[in-house]
Amino acid sequence: MTERSNQWHVGLIGYGEVGRILAEDLRKQDMSVSAYDLKLDGADAGPLRDHAETHGVTLASSHADLASRADFIVCAVTASQTVPAAQACVPGLKPQAWFLDFNSASPGAKQRAAALIDGGGGRYVEGAVMTSIPPYRIKVPLLLGGAGARDLAPLLNAIGFDAQVASDKLGVASATKMCRSIMIKGLEAMVIESFTTARAYGVEDAVIASLVETFPSIDWEKQGAYFFQRVIEHGRRRSEEVREVAETVREIGLTPWSAEGTAERQGWVADLADDGLFGTQGEAGFARSADWRTEADRILAKVKPKG
């Protein structure tokens, strides 16, 4: 019998920004969706439960509970939870259930997660998300990898995804994502460091004018504001991802100096955000300043030497 993806019960492991966007777009197609997130067991469960009720998403009580319901699982958690999340799903996996790993993890981590899912009777496919999800939503460019990638791709595209097969070999898609992240997440960190330092010395306009001359296709004011926004809001997740990037670099024998520095800067901004420097997390205006100078000035007020 031909598998029909529009009849799947979809399970979402991780109900953060990515999980909620996917839930909304899948529910618009009247597909059955369940979700589980570790935050459901803590003090931050309220907004997740409210979102689920609004959009008709069923909340599971555990990874295994969700897996027992789902024909197709999307795992979108922090990089460090890639293998533990897969392991926690195994006891409940339906036979031949698809498991799409969205996580920004190293090829080695993806291979360990695949061994767990495939060994538990599921079908593991790695997914590398190749740009920021919010503007594209479910149609974000997605590279698939692994033995089941060619079978899964048309099933995903039938329900709105934009998936292409990178390789039948596991690790190729994630390596592509990781190498891209050295540049993209590194550029975010460099812009924050460069622009904030330039602001302190009063030379930000001259620096941006020079960047425009060298890279005229980029609106550096707009791009700077966007980078500040994304790192302030998602620096914790990004720092974890870039630590996986560093591991990817180590796996081929290089020392990941750039990736390690990026992870430190992203994590440092996340610490400031957790301390409330940029406002109250979760409120409508948090990390939404259209002028990067507003956030740079907050950072400078924090780090300004005493005396």
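Residues numbered from 1 in each chain as written. Predicted model: local features only at pLDDT ≥ 70, side-chain atom pairs only at ≥ 80, totals over all residues. Heavy atoms only, no water.

(A) Just helix H7 (residues 149-157), in detail. Of the positions making up H7, those classed as buried are Ala 149, Leu 152, Ala 153, Leu 155 and Leu 156. In this fold, the buried residues of H7 make contact with strand E4 (72-75), strand E5 (98-101), strand E6 (123-129), strand E7 (141-145) and strand E8 (162-167). (Buried < 20%, exposed > 50% of the residue type's maximum accessible area, 1.4 Å probe, protein only. Helix = DSSP H or I, 4+ residues; strand = E, 2+ residues; numbered from the N terminus. Contact = heavy atoms within 4.5 Å.)

(B) Main features of the pairing of E8. Here five bridges tie E7 to E8, and the two strands are oriented parallel to one another. Paired with Gly 145 across the two strands is Ser 167, which belongs to E8. (Pairing = 2+ DSSP bridges.)

(C) Expanded view of the sheet that holds strand E3 (residues 58-59). Sheet architecture is open: eight strands sit in the order E3-E2-E1-E4-E5-E6-E7-E8, paired in mixed fashion. Strands with a single pairing partner mark the edges of an open sheet, and in this sheet they are E3 and E8. Bridge count for E6 against E7 is four bridges, and the pairing is antiparallel. By the bridge assignment, Glu 126 is partnered in E7 with Gly 145. Relative to E8, H7 is tilted by about 170°, and along the sheet it contacts E4, E5, E6, E7 and E8. (Axes fitted to C-alpha atoms, helices over the stretch in contact; angles between N-to-C directions.)

(D) Focus on the packing of helix H8 (residues 172-201) against helix H11 (residues 257-274). At their nearest, the axes of H8 and H11 sit 9 Å apart, and the two run at 60° to each other. With respect to their mutual orientation, H8 and H11 come out oblique. Remark: the crossing between H8 and H11 carries left-handed chirality. Within the contact between the two elements, H8 uses Lys 185, Gly 186, Glu 188, Ala 189, Ile 192 and Glu 193 and H11 uses Thr 262, Arg 265, Gln 266 and Val 269. Looking at the contact of H8 with H11, its residues break down into three nonpolar, three polar and four charged. (Parallel < 35°, antiparallel > 145°, perpendicular 65-115°, else oblique. Left-handed = near helix turned anticlockwise from the far one by under 90°. Nonpolar A, V, L, I, M, F, W, Y, C, P; charged D, E, K, R; others polar.)

(E) Fine view of helix H5 (residues 107-119). The end-to-end C-alpha separation of H5 is 18 Å, in line with the 18 Å expected for 13 residues at 1.5 Å each. Along H5, the positions that sit buried rather than exposed are Pro 107, Gly 108, Ala 109, Lys 110, Ala 113, Ala 114 and Ile 117. Contact partners of the buried residues in H5: helix H4 (82-89), E5, E6, H8 and helix H10 (220-251). Trailing H5 by a residue or two, Gly 121 shows a phi angle of about 95°, which is positive. (Expected span 1.5 Å × (residues − 1).)

(F) Geometry of the pairing of E4. Neither face of E4 is left uncovered, since the one carrying Phe 72 and Val 74 and the one carrying Ile 73 and Cys 75 both have all their residues buried. Judged from the four bridges that link them, strand E1 (residues 9-13) and E4 form a sheet pairing that is parallel. When the bridges of E4 are listed, Val 10 appears paired with Phe 72. Here E4 pairs with E5 via four bridges, running parallel. Each bridged residue has a counterpart across the sheet, and for Val 74 the counterpart in E5 is Leu 100. For the segment spanning E4, H4 and E5, crossover handedness is right-handed. (Right-handed = clockwise from strand over helix to strand, strands pointing away.)

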